[in-house]
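# Residue-level structural notes
One-letter residues, chain by chain:
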Amino acid sequence: MDESRASHHAGHAHTAGGTSADGVWLAATWPFVRGQLPPPPTRVIELGCGPVGGHIPALIRAGYDATGVDPEAPEGPAYVRATFEEYRPDDPADAVVASLSLHHVDDPAVVVGQIAERLVPDGALVVVEWISEDFDEATARWCFRHRLRDQDEPGAWLGEIHTGWVASGLGWDAYFRARLDEHGLHPAAAVRRALDARFAVTHLSTGPYYFPDLPDTDATAEQAAIDAGQIKAGCLRYAGRVR
């Protein structure tokens, strides 16, 4: 879910706002999402749009016939409060957007199969995901050297990770593995396997991920740290077509 970054790391709720972590994330990822979609006015479904609507407002402004599907979706005609597994659209979609949602589903392979079945032939899927398996100690320490958003801020999650790690007394790897297991989060590699079984890749890249939670830095600085080998990329950007 685009604006539910924290819910997929720490279980927090969120509100809208251009300067919130969620707002920064949506603004940063929109150009990629838009660039991988067929031209409007095609029909687009956003899987896991979250409580503030994800990219649905931007999609509608761009001329798409867009529907956001999420159990916590906002009220309104553009949204359906349901899981994707429960959602049965009247007509197949031309494209599906899944931002930070596939790593949190019960079984990525099942949901990716359902996405393929709800798309037109050659329909497009656009995915933005967290590469959680590459959030190693060097990357974590780089984040923690920056100013972290207050844990009560919408979309903030790194502060809670840092506090929990310090309190645990564990090494980073043991602490973080236990946290991923506790929240049932799938690694990006598992999501990729599910995608490759049903979709032919049209775009694959990685990039910065943690900057929305670090108010004293930005995506450019994080990318520079990635390029310098100081940290690992945390964001997977994927697009594909139904096989």
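Each chain carries its own residue numbering, running from 1 in the direction its sequence is written. With pLDDT at 70 or above as the cut-off, local features in this predicted model cover only qualifying residues; side-chain atom pairs require 80 or more to be listed or tallied, and sums for whole chains, interfaces and linings still use all residues. Computation of side-chain values covers all heavy atoms of the structure but excludes hydrogens and water.

## Regarding the overall build of the protein
The secondary structure listing takes helices from DSSP runs of H or I that are at least 4 residues long and strands from runs of E that are at least 2 residues long, numbered from the N terminus. When helices and strands are counted, the protein shows eight helices and seven strands. Atoms counted for the radius of gyration: C-alpha only. Globule rule: 2.2 Å times residue count to the power 0.38. The C-alpha atoms of the protein give 17 Å as radius of gyration, which agrees with the globular expectation for 243 residues (18 Å, within 12%). With the C-alpha coordinates aligned to their principal axes, the bounding extent of the protein is approximately 50 × 35 × 30 Å. Classification of the 243 residues of the protein by burial places 54% in the buried group. Charged residues are defined narrowly, with Lys and Arg counted positive, Asp and Glu counted negative, and His plus the chain ends left uncounted. One atom stands in for each charge, and that atom is NZ of Lys, CZ of Arg, CG of Asp or CD of Glu. Distance between charge centres in the protein, computed from 20 positive and 35 negative side chains, equals 4 Å. When accessible area is computed with a 1.4 Å probe and restricted to protein chains, residues below 20% of their type maximum are described as buried, those above 50% as exposed, and intermediate ones as partly exposed.

## Describing the environment of Tyr 79
Examined against the element boundaries, Tyr 79 turns out to sit in strand β3 (residues 79-80). Separated by 29 residues in sequence, Tyr 79 and Gly 50 have C-alpha atoms that sit 10.0 Å apart. The residues contacting Tyr 79, other than those within four sequence positions of it, are Cys 49, Gly 53, Ile 56, Pro 57, Gly 68, Ala 73 and Pro 74. Between two residues, a contact is recorded if the distance between any of their heavy atoms is within 4.5 Å.

## Things to note about the nonpolar core
Within the largest apolar cluster, 42 residues are counted, with the highest numbers of intra-cluster contacts made by Trp 130, Phe 135, Trp 172 and Tyr 210. Contributions of two or more residues to this core are made by α1 (21-36), α2 (56-61), β4 (93-99), β5 (119-130), α4 (137-145), α5 (158-168), α6 (172-183) and α8 (219-227). When sequence neighbours within four positions are dropped, the list of residues in contact with Phe 135 reads Trp 130, Ala 140, Cys 143, Trp 157, Leu 158, Trp 172, Phe 176 and Tyr 210. One finds Val 69, Ala 98, Ala 116 and Leu 195 within the second-largest nonpolar core, a separate group that totals 23 residues. Take the buried residues of types Ala, Val, Leu, Ile, Met, Phe, Trp, Tyr and Cys, join any two whose side-chain atoms come within 4.5 Å, and each joined set is a nonpolar core.

## Here we look at the pattern of salt bridges
Should a side-chain nitrogen of Lys or Arg be within 4 Å of a carboxyl oxygen of Asp or Glu, the pair is scored as a salt bridge. Tallying each qualifying case throughout the model produces five salt bridges. Residue Lys 232 pairs with Asp 136 through a salt bridge whose shortest N-O separation is 3.8 Å. Residue Lys 232 is found in the loop between α8 and β7 (235-242), and its partner Asp 136 is found in the loop between β5 and α4; the two are separated by 96 residues along the sequence. According to the relative accessible area criterion, Lys 232 is partly exposed, its value standing at 39%. Note on Asp 136: relative accessible area 22%, which makes it partly exposed. Close ionic contact of Arg 141 with Glu 137 constitutes a salt bridge, the shortest N to O distance being 2.8 Å. A residue pair is termed a helical-turn pair when its members lie 3 or 4 positions apart in one helix, as Arg 141 and Glu 137 do in helix α4 at four residues. Exposure remark for Glu 137: the relative accessible area of 32% places this residue in the partly exposed category.

Function cannot be read off these values alone, since they describe shape.
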